[in-house]
Amino acid sequence: MTIAATVPANAATRALRAYDPGHDLPALRERFGATLAELGSNENPLGPSPRAIAAIEAALPEVFRYPDPSGGALKSALARRLRVDVGQIVLGNGSHELLMLIAQCFADASTSVVFSEFGFAVFPIATAAAGAQALRVPALARDHANMPLGHDLDAMAQAIRADTRVVYLANPNNPTGTWFGDAALENFLARVPESTLVVVDEAYHEFVDDTALTSALRFLPKYPNLLVTRTFSKAHGLAGLRIGYAASSIEIINIIERLRESFNVNSLALAAAQAALDDPDHVARSKAFNLAERSWLATQLSSRGLRALPSQTNFVLVDFARDAAPIEHSLFERGVIARPMGGYGLDQFLRISVGSRAENERLLAALS
Ligand SMILES: *Cc1c(COP(=O)(O)O)cnc(C)c1O
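Conventions and cut-offs
- Sequence order as written defines residue numbering, which begins from 1 separately in each chain.
- Per-residue local features of the predicted model are confined to residues with pLDDT of at least 70, and side-chain atom pairs are confined, for both listing and counting, to 80 or more; whole-chain, interface and lining totals are unaffected and use all residues.
- Note: side-chain values were computed over all heavy atoms of the structure, leaving out hydrogens and water.
- In this description, a line fitted to the C-alpha atoms serves as the axis of each element, helices being fitted only across the stretch in contact, and the angle between N-to-C directions of two axes falls anywhere from 0 to 180 degrees.
- Helix numbering and strand numbering both begin at the N terminus, where a helix is a DSSP run of H or I of at least 4 residues and a strand a DSSP run of E of at least 2.
- Crossings are assigned a handedness: left-handed for a near helix turned anticlockwise from the far helix by less than a right angle, right-handed for a clockwise turn.
- Contact between two residues is taken to exist if any of their heavy atoms lie within 4.5 Å; hydrogens are not considered.
- In the scheme used here, Gly and all other residues not listed as nonpolar or charged are polar, with Ala, Val, Leu, Ile, Met, Phe, Trp, Tyr, Cys and Pro taken as nonpolar and Asp, Glu, Lys and Arg as charged.
- One heavy atom suffices: a residue is near a molecule or strand as soon as one of its heavy atoms comes within 4 Å of it.
- Throughout this description, a polar contact denotes any pair of N or O atoms lying within 3.5 Å of each other; where both atoms belong to protein, one of them has to be capable of donating a hydrogen while the other can accept it, and for residues adjacent in sequence the pair is counted only when both atoms sit in side chains.
- The method works on a 1 Å grid over the protein atoms by themselves. A cavity is a set of points holding a 1.4 Å probe that cannot get out, a pocket is an open set with protein on both sides within 12 Å along at least five of seven lines, and residues with an atom within 4 Å of a point line them.
- The way we define it, a molecule is inside a pocket or cavity when more than half of its atoms are within 2 Å of that pocket's grid points.
- Here is the rule for angles: anything less than 35 degrees is roughly parallel, anything more than 145 is roughly antiparallel, 65 through 115 is roughly perpendicular, and the remaining ranges are oblique.
- By definition, a salt bridge exists where a carboxyl oxygen of Asp or Glu is found within 4 Å of a side-chain nitrogen of Lys or Arg.
- We call a set of buried residues a nonpolar core when its members are Ala, Val, Leu, Ile, Met, Phe, Trp, Tyr or Cys and they connect through side-chain atoms within 4.5 Å of each other.
- For each residue, the accessible area found with a 1.4 Å probe, counting protein chains only, is set against the maximum for its type, and the residue is called buried under 20%, exposed over 50%, and partly exposed in between.

Participant: Hey, could you run me through the packing of helix 3 (residues 50-59) against helix 10 (residues 267-277) in this one?
Facilitator: For any two helices packed against each other, the geometry comes down to the angle between their axes and how far apart the axes lie. One can describe the packing of helix 3 onto helix 10 by two numbers: an axis separation of 8 Å at closest approach and a directional angle of 145°. Both helix 3 and helix 10 take part in a crossing whose hand is right-handed. Together, Arg51, Ala52, Ala55, Ile56 and Ala59 of helix 3 and Leu268, Ala271, Ala272 and Ala275 of helix 10 make up the contact between the two elements. Of the residues in the contact of helix 3 with helix 10, the class split is eight nonpolar, no polar and one charged.

What follows is the structure in structure tokens.
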């Protein structure tokens, strides 16, 4: 049902739709309690570091104060860890906010933005919100030998026009789980004009174990038109606090800082993120758990005739080889939440997060 508003939305907003979570999560939590298997949002089943919890508790009495508008302490910690200058980092209320801001800062109705088919859902939204033209490049084929549904970097480089201001890449990508190595990225960067910003979204960086992929950060010194985003929502287990960051050249970061809300990152998130950085063992445990559990889950799915695509993330994209919507529905009727892929045009797939062993067993039982 459409209700006409007395004040019409602007052209960019008319092209958008509100976020649809697909199901009523609070209601499902009430209905299933602790037996609900939440495998729809790629959260860390180990939760956050105990140090992050302690830091939140310590910061709590100060919530009546505004947070540090520059996030200086966290930025310094990140700069040391990433080996960049403090001025090369901007913090966001989740990396989602930064992905939106980037399009607002660099794209407009007279420009275009390049991203891949089956690329992260925020890319087309950020493009539309900026009023820019979306250049969506077909992904690699479904039966591609190495990387089914992955980014076709060659075609993406060819799609870049003189008016292209932003290229969005996700590595590894959500929802496909696909990735590309450093060498492929370096080839790509060499082909991009310096007036186009290359955004590499590394939300799943901490889970990667393919040695061909380290990080786009290593190319920052050579490419001032490169920007890398990361998040505390996934491996760090802090999705509810909303905090992410981007690293780029000082010039690019200075432009983004002009449009950033002064207090965009809250004080609890700043404290928790800094403490999380100080606990690399927790990230290492989360990574090791995910690797072992994802491989077990893929084997279990395969023994049920279900193919999980290759993944370097904490989720798998599962091919049901028929319309997956009824399967998704009967899963959540049994207290298992998976992410439907119809919005991506991948009707036969569900994206399923690697949960705790108990959650994964509930998934397998429900599938049986
Ligand atoms: C989850 C995710 C993010 C992180 O979003 P936040 O706003 O930081 O929670 C960014 N990019 C991709 C590809 C993701 O899957």
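Now that the structure is up, let's keep going.
Participant: Got a minute to help me understand the site of the ligand in this structure?
Facilitator: In the vicinity of the ligand, the contacting residues are Gly94, Ser95, His96, Phe120, Asn174, Asp201, Ala203, Tyr204, Thr231, Ser233, Lys234 and Arg242. At 2.7 Å from an oxygen atom of the ligand is found a main-chain nitrogen or oxygen belonging to Ser95. One nitrogen or oxygen atom from the side chain of Thr231 is found 2.6 Å from an oxygen atom belonging to the ligand. In this structure the site holding the ligand corresponds to the largest pocket.

Participant: Looking at this structure, I do not really get the packing of helix 11 (residues 280-303) against helix 13 (residues 357-367). What am I missing?
Facilitator: Between helix 11 and helix 13, the least distance of the axes is 11 Å, while the angle of their chain directions is 10°. Relative to helix 13, the element helix 11 is oriented roughly parallel. Crossing handedness for the pair helix 11 and helix 13: right-handed. Judged by residue contacts, Phe289, Glu293, Trp296, Leu297, Gln300 and Leu301 of helix 11 engage Arg357, Asn360, Glu361, Leu363, Leu364 and Leu367 from helix 13.

Participant: What is the right way to look at the pattern of salt bridges in this model?
Facilitator: Pairing is possible between side chains that carry opposite charge, provided their charged atoms lie close to one another. Counted under the stated rule, the structure contains eleven salt bridges. Here Glu333 ties to Arg31 by a salt bridge, and the two come within 3.0 Å at their closest N and O atoms. Here Arg31 lies in helix 2 (residues 25-32) and Glu333 lies in helix 12 (residues 325-333), a separation of 302 residues in the sequence. The network of salt bridges with shared partners includes Lys75, Glu257 and Arg260.

Participant: Hey, could you run me through the nonpolar core in this one?
Facilitator: A general tendency of soluble globular proteins is for nonpolar side chains to be buried together. Within the largest apolar cluster, 48 residues are counted, with the highest numbers of intra-cluster contacts made by Leu74, Leu169, Phe188, Leu226 and Phe232. Per-element accounting of this core gives the leading share, seven residues, to helix 10. Apart from the residues lying within four places of it in its own chain, the contact partners of Leu226 are Leu189, Leu197, Val198, Val200, Ala216, Phe219, Leu220, Ala247, Ser248 and Ser249. With 25 residues, the next largest nonpolar core counts Val122, Tyr168, Ala246 and Ile256 among its residues.

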